[in-house]
Amino acid sequence: MLGLRSILTVLALAVTTIACPLPSAVADTTDVSPPGANDWSCKPTAEHPDPVVLVHGTFETMAKNWPTLSPVLKQEGYCVFALNYGGNAMGPIAESAKELDAFVDAVLGATDARKVDLVGHSQGGMMPRYYIKNLGGATEVDDLVGIVPSNHGTENAIPRPVEFQDSPCPACDEQQAGSQFLTDLNAKDETPTGPDYTVVTTKYDEVVTPYTSAFLQGPAREVTNVTLQDACPLNAIEHDQAPNDPVVHQWVLHALERTGPADPAFLPSCIV
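For every chain, the first residue of the written sequence is number 1, and numbering continues from 1 onward in sequence order. With the structure being a predicted model, the display of local features is reserved for residues of pLDDT at least 70 and the display and counting of side-chain atom pairs for 80 or more, all residues being used for whole-chain, interface and lining totals. Neither water nor hydrogens contribute to the side-chain values; these are computed over all heavy atoms in the structure.

Strand pairing in a sheet relies on backbone hydrogen bonds, with the paired strands running either antiparallel or parallel. When DSSP finds two or more bridges between a pair of strands, those strands are recorded as paired. By definition, any uninterrupted DSSP run of H or I lasting at least four residues is a helix, any uninterrupted run of E lasting at least two residues is a strand, and each is numbered from the N terminus. If you trace the 6 strands from one edge of the open sheet to the other, you get 2-1-3-4-5-6, paired in parallel fashion. Of all the strands in the sheet, just strand 2 (80-83) and strand 6 (223-227) have a single pairing partner and so form its edges. Strand-to-strand twist of the sheet, defined as the mean angle between neighbouring strand axes without regard to direction, takes the value 15°. Taken together, the 4 bridges between strand 1 (residues 52-55) and strand 2 define a ladder with parallel strand orientation. Paired with Val52 across the two strands is Val80, which belongs to strand 2. Here an axis means a line fitted to C-alpha atoms, over the contact stretch when the element is a helix, while the angle between two N-to-C directions is reported on a 0 to 180 degree scale.

In structure tokens:
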């Protein structure tokens, strides 16, 4: 009998790159992929052996969250994949992590890679830590790069777009500072051994507050916390648009290209 990874691999290879970008067992095949993502025939190179999986934030979709970073990664030679999950990432975070787990299995099966790199925005930078800690992701992830991730939640109410005002949002409650979900996630070891962790945040984050709540605790050989304004003091990017910021892109590429997390001494170009 075929195992889960074999089944998902067959499904992944059966779909087309544009019209049907995702395996039907993982997501709706009518989902629109960001530019450069979900070419299921892509094979990683020796230079970039780990496929990159992009994980969107709350109220978002992959197409809305990654229109600029996805093609940048593709241009750099990465196999890039992205998913929609959790009903615009509003569902229970533990359930969303199971969707990510299945999606990563599909990517690994389709590409014959040993591990993936994860790049996530907001909830998408935090939710993978549940997968890493509780669902076996520590052996399947090489790098987790969180862009303004909600690692310790927010002290403010998460602002809802108009179209989601009346929608239930368990993930919103779970991302409040002090929630039971975050208390459990951050208990004992915030950064389980296996992946390297890079956090990129901004002093002007108005959603994850205080902005320092994005930071992770862990040994320097495995964890790097970056505040954009330390290297680029005039950078005024905020939460929502952080994934589209060219300086953020430089930090992401730097983190993915080196052994270990990002080097805190890395100096991006502030004028792009």
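This part is about the pattern of salt bridges. Each salt bridge in this description consists of a side-chain nitrogen of Lys or Arg and a carboxyl oxygen of Asp or Glu lying within 4 Å of one another. Within the structure shown, the criterion is met by 5 salt bridges. Across the pair Lys74 and Asp39 runs a salt bridge, and its minimum N-O distance is 4.0 Å. Highlighted residues: Lys74 in helix 3 (residues 69-75) and Asp39 in the loop between helix 1 (4-14) and strand 1, separated in sequence by 35 residues. Burial status follows relative accessibility: with a 1.4 Å probe on protein chains alone, a residue under 20% of its type maximum counts as buried, one over 50% as exposed, and anything between as partly exposed. Among the residues examined, Lys74 registers a relative accessible area of 29% and is labelled partly exposed. Lys64 serves as the salt-bridge partner of Glu60, at 3.9 Å between the closest nitrogen and oxygen. By relative accessible area, which is 8% here, Glu60 ends up buried.

What you see with strand 1 is no split at all: Val52 and Leu54 on one side and Val53 and Val55 on the other are buried throughout. Relative to strand 3 (residues 116-121), strand 1 runs parallel, the two sharing 4 bridges. Residue pairing in the sheet places Leu54 in a bridge with Val119 of strand 3.

Another point: the state of the cysteines. Pairs of cysteine sulfur atoms within 2.5 Å are what we label disulfides. For the coordinates displayed, the defined rule picks out 3 disulfides. Here Cys169 pairs with Cys172 through a disulfide, and the sulfurs are 2.1 Å apart. Here the disulfide of Cys169 and Cys172 is right-handed, its torsion about the S-S bond being about 75°. Here Cys169 matches Cys172 in class, with each residue buried.

Between its first and last C-alpha atoms helix 5 (residues 93-111) spans 27 Å; for 19 residues at 1.5 Å apiece the expected length is 27 Å, and the two agree. Taken across its 19 residues, helix 5 has 15 buried, putting it largely inside the fold. Backbone geometry just after helix 5 places Asp112 at a positive phi near 65°. Multiply 1.5 Å by the residue count of a helix minus one, and that product is the helix's expected span.

Residue Pro210 is reached from Thr209 by a cis peptide bond, and omega for that bond is -10°. If you trace the backbone, Pro210 turns up in the loop between strand 5 (196-201) and strand 6. A positive phi angle, close to 70°, is found at Phe59, a residue other than glycine. Checked against the element boundaries, Phe59 lands in the loop between strand 1 and helix 2 (62-65).

We now examine the environment of Arg258. Summarising the element assignment, Arg258 is placed in the segment after helix 10 (246-257). Put simply, Arg258 and Asp143 are 115 residues apart on the chain and 9.9 Å apart in space, counted from C-alpha to C-alpha. Pairing of N or O atoms within 3.5 Å defines a polar contact, subject to two protein rules: one partner must be a possible hydrogen donor and the other a possible acceptor, and residues neighboring in sequence count only if both atoms are side-chain atoms. At 2.3 Å, the side chain of Arg258 and the backbone oxygen of Pro261 are in polar contact.

To continue, consider the packing of aromatic side chains. Each Phe, Tyr or Trp ring, with Trp reduced to its six-membered ring, pairs with another whose centre is within 6.5 Å; inter-plane angles below 30 degrees give stacked pairs, above 60 give edge-to-face pairs, and intermediate values give tilted ones. One pass over the full model with this rule turns up 6 aromatic pairs. An angle of 75° between the planes, with centres 5.8 Å apart, marks the rings of Trp40 and Phe103 as edge-to-face. With a gap of 63 residues between them, Trp40 in the loop between helix 1 and strand 1 and Phe103 in helix 5 connect regions that are remote in the sequence. Here Trp40 falls in the buried class, since its relative accessible area comes to 2%. Here the aromatic rings of Trp251 and Phe266 are separated by 5.0 Å at their centres, their planes lie at 80°, and the arrangement is edge-to-face. With Trp251 in helix 10 and Phe266 in the segment after helix 10, this residue pair connects regions lying 15 residues apart in the sequence. Under the relative-accessibility criterion, Trp251 is labelled buried at 2%. Pairwise contacts between aromatic rings join Trp40, Phe81 and Phe103 into one cluster.

Take the nonpolar core next. Side chains of a nonpolar character, in soluble globular proteins, are inclined to be buried together. In this structure, Val53, Leu100, Val116, Leu118 and Tyr131 are the most contacted members of the largest nonpolar core, which totals 37 residues. Breaking this core down by element, the ones donating at least two residues are strand 1, strand 2, helix 5, strand 3, helix 6 (123-134), strand 4 (141-147), helix 8 (180-185) and strand 5. For this core, the element with the most residues is helix 5, which contributes 9 residues. The contacts of Leu100, once residues within four sequence positions are left out, are Val53, Val55, Leu83, Leu118, Met127, Pro128 and Tyr131. Put simply, buried Ala, Val, Leu, Ile, Met, Phe, Trp, Tyr and Cys residues joined by side-chain atoms within 4.5 Å make one nonpolar core. By definition, residues are in contact when any of their heavy atoms lie within 4.5 Å.

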